Amino acid sequence: KNEVEQSPQNLTAQEGEFITINCSYSVGISALHWLQQHPGGGIVSLFMLSSGKKKHGRLIATINIQEKHSSLHITASHPRDSAVYICAVSHSRLTFGEGTQLTVNP
Amino acid sequence: DTEVTQTPKHLVMGMTNKKSLKCEQHMGHRAMYWYKQKAKKPPELMFVYSYEKLSINESVPSRFSPECPNSSLLNLHLHALQPEDSALYLCASSQRQSYGYTFGSGTRLTVV
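Owing to the predicted nature of the structure, the values given are computational and were not obtained by experimental measurement.

1. Regarding the overall build of chain A
Then, in step 1: In terms of helices and strands, chain A carries zero helices and eleven strands.
Then, in step 2: Listing every helix and strand of chain A by position from the N terminus yields β-β-β-β-β-β-β-β-β-β-β.
Then, in step 3: On C-alpha atoms alone, chain A measures out to a radius of gyration of 13 Å, which is about the 13 Å that the 2.2 N^0.38 rule sets for 106 residues.
Then, in step 4: A principal-axis box enclosing the C-alpha atoms of chain A has dimensions of 40 × 25 × 20 Å.
Then, in step 5: Residues counted as buried form 44% of the 106 residues belonging to chain A.
Then, in step 6: A separation of at least 24 residues holds for 54% of the contacts in chain A among residues at least 6 apart in sequence.
Then, in step 7: Of the roughly 5,000 Å² of accessible surface on chain A, 50% is carried by carbon and sulfur atoms.

See below:
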């Protein structure tokens, strides 16, 4: 079993829809990261969380330390949100989930 | 400056060539990382430098040779690579090891 599990693997949405991507982990962590990667591109760090909730524009990330679970929400999704979203956890190193490929259609 | 800059963005090299990838940051981060990413896979850790000393080598073949000349610069020297080494090579830095990462945009390497 992977230390970091993401769901869904693939997600297709219509523009304007509310999107949720989930991440569960099985190790003790110092922080959880949500990352975004566009095709062929580098990685952009969206959030680093150790508790609670963070919001940046249309993106919201939450973490429940007791449940070892985090969610990334995108409100009013837009085609430019299409990318791979990766959950990663910091412990002795950064451990990545397999990523969620999000496609938002106009 | 809040970026990690990687050069070149694209590199094509033959199996007998020697080339280097460069990574630079001016955020005062003391940990720097090399990752290798194959298509549709998450990044795989290769090397970690902490305070300019190599702290983690994930059993990477010796044809990859990292170097950290100073706290702002990280190089990856490449020699006698194989076609299966073709990948996106990502550099990252953090304030200290395993905390607050910033990633570069990567070097797309093709070995022919």
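Having seen the structure, we can now continue with the description.
2. Focus on the interface of chain B and chain A
Then, in step 1: If you look at the interface, chain B gives 19 residues, while chain A gives 18 residues.
Then, in step 2: Carbon and sulfur atoms supply 56% of the area that chain B and chain A bury against each other, a total of about 1,400 Å² over both sides.
Then, in step 3: Between E58 of chain B and R93 of chain A there is a salt bridge, with its nearest N and O atoms 2.6 Å apart.
Then, in step 4: Put simply, chain B and chain A have three residue pairs in polar contact (both at pLDDT 80 or more) between them.
Then, in step 5: For the side of chain B that touches chain A, the secondary-structure elements that each account for two or more residues are β4 (31-37), β9 (87-96) and β10 (99-103) of chain B.
Then, in step 6: Examining the composition of the side of chain B that touches chain A, we find that four residues originate from one element, β10 of chain B, more than from any other.

3. Quick word on the environment of Y33 of chain B
All names here are of chain B.
Then, in step 1: Looking at the element boundaries, Y33 is found in strand β4.
Then, in step 2: On the basis of relative accessible area, Y33 is assigned to the buried category, the value being 2%.
Then, in step 3: Sequence-wise, Y33 and Y101 are 68 residues apart; in three dimensions their C-alpha atoms are separated by 9.5 Å.
Then, in step 4: Among the polar contacts made by the side chain of Y33, one reaches the side chain of S94 at a distance of 2.7 Å.

4. Thoughts on the sheet that holds strand β7 (residues 64-70) of chain B
Residue and element names in this part refer to chain B.
Then, in step 1: Pairing in this open sheet of four strands is antiparallel, and the strands run β1-β3-β8-β7 from one edge to the other. Every interior strand has two partners, whereas the edge strands, β1 (4-7) and β7, have only one. Each adjacent strand pair in this sheet contributes to an overall mean axis angle of 20°, direction not counted.
Then, in step 2: Relative to strand β3 (residues 18-25), β1 runs antiparallel, the two being bridged by four bridges. Note on β3: the bridge partner recorded for T5 is E24.

5. Some remarks on the nonpolar core
Then, in step 1: Counting residues in each nonpolar core, the largest one holds 23 residues, and the members touching the most others are I19, L32, W34, L46, F47, L72 and Y85 of chain A.
Then, in step 2: Elements with a minimum of two residues in this core: β3 (19-25), β4 (31-37), β5 (43-49), β7 (59-64), β8 (69-74), β9 (83-90) and β11 (100-105) of chain A.
Then, in step 3: Once residues within four sequence positions are removed from consideration, Y85 of chain A is found in contact with Q6, I21, L35, Q36, L46, L72, I74, G99, T100 and L102 of chain A.
Then, in step 4: Counting 22 residues, the second largest nonpolar core, distinct from the first, contains M13, M46, L78 and V111 of chain B.

6. Some words on the confidence of the model for chain B
Parts of the model with low pLDDT should not have their predicted coordinates read in detail.
Then, in step 1: Of the residues in chain B, 99% reach a pLDDT of 70 or more, and the chain-wide mean stands at 94.
Then, in step 2: Between the elements of chain B, mean pLDDT differs from a low of 85, seen in β10 of chain B, to a high of 98, seen in β3 of chain B.

7. Comments concerning the side chain of T95 of chain A
Then, in step 1: Mapped onto the fold, T95 of chain A is located in strand β10 (residues 94-96).
Then, in step 2: Among the polar contacts made by the side chain of T95 of chain A, one reaches the side chain of H91 of chain A at a distance of 2.7 Å.

8. Considerations on the packing of aromatic side chains
Then, in step 1: Here the structure, examined in full by the defined rule, presents seven aromatic pairs over all chains.
Then, in step 2: Taking the centre distance of 5.6 Å and the plane angle of 90° together, the rings of F96 of chain A and Y35 of chain B count as edge-to-face. Placement of the pair is F96 of chain A in strand β10 and Y35 of chain B in strand β4, with the two residues belonging to separate chains.
Then, in step 3: Seen in terms of ring centroids, Y35 of chain B and F103 of chain B are 5.9 Å apart; in terms of plane orientation they differ by 45°. Their pairing is tilted. Taken together, the residues Y35 of chain B in strand β4 and F103 of chain B in strand β10 connect sequence positions 68 residues apart. In terms of burial, Y35 of chain B and F103 of chain B fall into one category: buried.

Conventions adopted
In every chain, residue numbers begin from 1 and rise along the written sequence. Written order decides the labels, with chains lettered from A and ligands numbered from 1. Restriction of local features to residues with pLDDT of at least 70 applies here, the model being predicted, together with a cutoff of 80 or more for giving and counting side-chain atom pairs; totals for whole chains, interfaces and linings are based on all residues. Calculation of side-chain values draws on the structure's entire complement of heavy atoms; hydrogens and water are dropped beforehand. Put simply, DSSP H or I for four residues or longer makes a helix, DSSP E for two residues or longer makes a strand, and each gets a number counted from the N terminus. Based on C-alpha atoms, the radius of gyration is set beside the globule rule, defined as 2.2 Å times the residue count to the power 0.38. Whether a residue is buried, partly exposed or exposed follows from its accessible area with a 1.4 Å probe, protein chains only, as a fraction of its type maximum: under 20%, in between, or over 50%, in that order. Any two residues whose heavy atoms approach within 4.5 Å are treated as being in contact. Accessible surface area values rest on a Shrake-Rupley calculation with a 1.4 Å probe, where residue burial reflects the displayed protein chains alone. Two parts lose some accessible area (1.4 Å probe) when they are put together, and adding that loss for both gives the buried area. We define a salt bridge as a contact between a side-chain nitrogen of Lys or Arg and a carboxyl oxygen of Asp or Glu at a distance within 4 Å. For this analysis, a polar contact is any N or O atom pair within 3.5 Å, provided that within protein one partner can donate a hydrogen and the other can accept it, and provided that sequence-adjacent residues contribute only side-chain to side-chain pairs. Strand pairing is defined by DSSP finding a minimum of two bridges between the two strands. Axis geometry follows a simple rule: fit a line to the C-alpha atoms, using only the stretch in contact for helices, then measure angles between N-to-C directions, giving values from 0 to 180 degrees. Grouping buried Ala, Val, Leu, Ile, Met, Phe, Trp, Tyr and Cys residues that are joined through side-chain atoms within 4.5 Å yields what is termed a nonpolar core. Confidence of the predictor in every single residue is expressed as pLDDT, which spans 0 to 100. Under the pairing criterion, centres of Phe, Tyr and Trp rings, with the six-membered ring standing for Trp, must be within 6.5 Å; the plane angle then separates stacked pairs below 30 degrees from edge-to-face pairs above 60, leaving the rest tilted.

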